[in-house]
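# Structure assessment
As a plain string of letters, each chain reads:
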Amino acid sequence: MLKAVILIGGPQKGTRFRPLSFEVPKPLFPVAGVPMIQHHIEACAQVPGMQEILLIGFYQPDEPLTQFLEAAQQEFNLPVRYLQEFAPLGTGGGLYHFRDQILAGSPEAFFVLNADVCSDFPLSAMLEAHRRQRHPFLLLGTTANRTQSLNYGCIVENPQTHEVLHYVEKPSTFISDIINCGIYLFSPEALKPLRDVFQRNQQDGQLEDSPGLWPGAGTIRLEQDVFSALAGQGQIYVHLTDGIWSQIKSAGSALYASRLYLSRYQDTHPERLAKHTPGGPWIRGNVYIHPTAKEHTCVLHSIVGWGSTVGRWARVEGTPSDPNPNDPRARMDSESLFKDGKLLPAITILGCRVRIPAEVLILNSIVLPHKELSRSFTNQIIL
Ligand SMILES: Nc1nc2c(ncn2[C@@H]2O[C@H](COP(=O)(O)OP(=O)(O)O[C@H]3O[C@H](CO)[C@@H](O)[C@H](O)[C@@H]3O)[C@@H](O)[C@H]2O)c(=O)[nH]1
C-alpha cells in the first residue's frame, strides 16, 4: 500500500505569483486547464496500490480548497485530505508533525511532491527503483545548465550506484548539473532522521534564521537538515529522469508549464484538447479552451484573469520567457521583473475582472485586478 503527500505551502509563499494568487491559492491556479496540483493527484492515483493523498500546507481551508478536495475524491475515488500546519514548518516539518496520519495503515512507502513543479511524474519507475533497494530516501533528479543549477538543490551522485554523495541546496558556486526535482519516494524509515532533527532542534533551542519559517523545533528543512546531513551515508539515492520537468514559480513559468502539459495531452487527455469544428476557430497546436471563453480577439503569451473581458480587435500580447531552445539543459530562469530599473519584456498578465476596450494593444504589461483600461499600454505595470 502506498500514499502520497503534496507540499502546498501557504499564503506567504508564491509571492512571485501575484496578482494571480490573489484570487485563488497558487496550488489551485489552472495549468493547462486544471488546477496545478490536479496533475500531481492524477499521477499519484494512477500508481497501483495508492491508498490516500494528503495535502500539507498552512493555508486556511477555504471554499475553493474544500471544493477542490471534494471534487478530487470523487473523480479519483480515493481519500484526498488536507492537513493544516499551525505555522510554516518548512518542507520537512509537516511530514514529521503528521507522521501518524502518513503512516496509518502501514504504507510500504510514500511519495512526497512539491506542489509548484510541472512534471510527467515518473512515479512507477521510482517505485520500481525503490523496490530493488528499499533505501529510505529516493530523490528524482534531472539536469540543468551550470548557471541555472545554482537555483536548485544540487546533487552529486555515485554514477554506478546512484547514491547521493553530496547535496547542497541552492549553492553559491557550481556543484553539479544534477538538480533536485522536488519529487521523492520515502520509506517509513525516512521519518527517523526527521525525528532526530526535531529532537536536536528542541535541545538547541532557537533555530538559525530561516526567513518565513516558524522558529520553533517543529520546523524542518528537508533539503538542508536531512538531505545535506545524510548525503554519503548510504541512505539517499537519486533516480534520474529526462522527462518533462519545470518549476512553477512565476506567471511566466506557469505559461511554460501549461505548454508542457498541453503537449502531453495528445497521449494522456486528448479530450481536453480543442478540436476543429465547422464554423469554429482554426486550432493550431495543442489548445485548451475554457468553456466560458469567446474568441474574437488576439491574445498571445498572456494570462487573462477570471471575469476579464477583452474587446473586439484588441491585442493582448506578451513576450514568453521560455528556456533557451538551443540549450537542451536549459530550465526556466527564476525571473526578476526588472533589470537596471526597467521592466523586462515578459508575459502580459491581466488580473481578474480587468476590462480591455476594443481596438487597443496591451503589450508586455501587468494589469492589477479590477482595472478598466481606456487606451493602449506597452511595458507597464498598471496599478
Ligand atoms: N507544507 C509546507 N509546504 C511548504 C513549506 N515551505 C515550502 N513548502 C512547499 O514546498 C515546496 C518547495 O518550496 P520552497 O521552499 O519554495 O523551495 P524551492 O525554492 O521551490 O526549492 C525546492 O524545490 C526545487 C525544485 O522545484 C528543488 O530543486 C529544491 O532543492 C527545493 O526542494 C513548494 O511546493 C512549497 O509550497 C512549509 O513551510 N510547509
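Structural notes, computed from the coordinates. (Residues numbered from 1 in each chain as written. Predicted model: local features only at pLDDT ≥ 70, side-chain atom pairs only at ≥ 80, totals over all residues. Heavy atoms only, no water.)

Glancing now at the site of the ligand. The local shell around the ligand holds 29 residues, among which Glu85, Lys170, Asn180, Glu223 and Lys249 are the closest. One nitrogen or oxygen atom from the main chain of Ala115 is found 3.0 Å from an oxygen atom belonging to the ligand. Separating an oxygen atom of the ligand from a backbone N or O atom of Gly153 is a distance of 3.1 Å. Protein coverage of the free-state accessible area of the ligand, which is 740 Å², stands at 92%. Among the secondary structure elements, those contributing two or more residues to the shell around the ligand are β1 (2–9), β4 (50–57), α3 (90–97), β10 (164–169), β11 (178–186) and β13 (245–247). Of the residues belonging to the shell around the ligand, the class tally is 14 nonpolar, eight polar and seven charged. (Near = heavy atom within 4 Å. Polar contact = N/O pair within 3.5 Å; in protein donor to acceptor, adjacent residues only side chain to side chain. Areas by Shrake-Rupley, 256 points an atom, 1.4 Å probe, with all protein chains shown as cover. Helix = DSSP H or I, 4+ residues; strand = E, 2+ residues; numbered from the N terminus. Nonpolar A, V, L, I, M, F, W, Y, C, P; charged D, E, K, R; others polar.)

The next subject is the sheet that holds strand β20 (residues 348–350). Spatial strand order, β15-β20-β23-β25: four strands in an open sheet with parallel pairing. Lying at the two open borders of the sheet, with one neighbouring strand each, are β15 (302–304) and β25 (381–382). Two elements, β15 and β20, share three bridges in a ladder whose sense is parallel. Within β20, the position partnered with Val304 by the bridge is Leu350. (Pairing = 2+ DSSP bridges.)

The next point concerns helix α7 (residues 191–204). Along its 14 residues, α7 runs 20 Å from first to last C-alpha, staying within 8% of the 20 Å computed at 1.5 Å per residue. Buried within α7 we find Leu191, Pro193, Leu194, Val197 and Asn201. Down the axis of α7, the smallest arc covering the buried residues is 160°, so these residues share one side. Every exposed residue of α7 that faces more than 90 degrees away from the buried side is listed here: Gln202 and Gln203. Those residues of α7 that are buried lie in contact with α3, α4 (99–103), β6 (109–114), β8 (137–143) and α8 (222–230). (Expected span 1.5 Å × (residues − 1). Buried < 20%, exposed > 50% of the residue type's maximum accessible area, 1.4 Å probe, protein only. Arc of directions from axis to C-beta. Contact = heavy atoms within 4.5 Å.)

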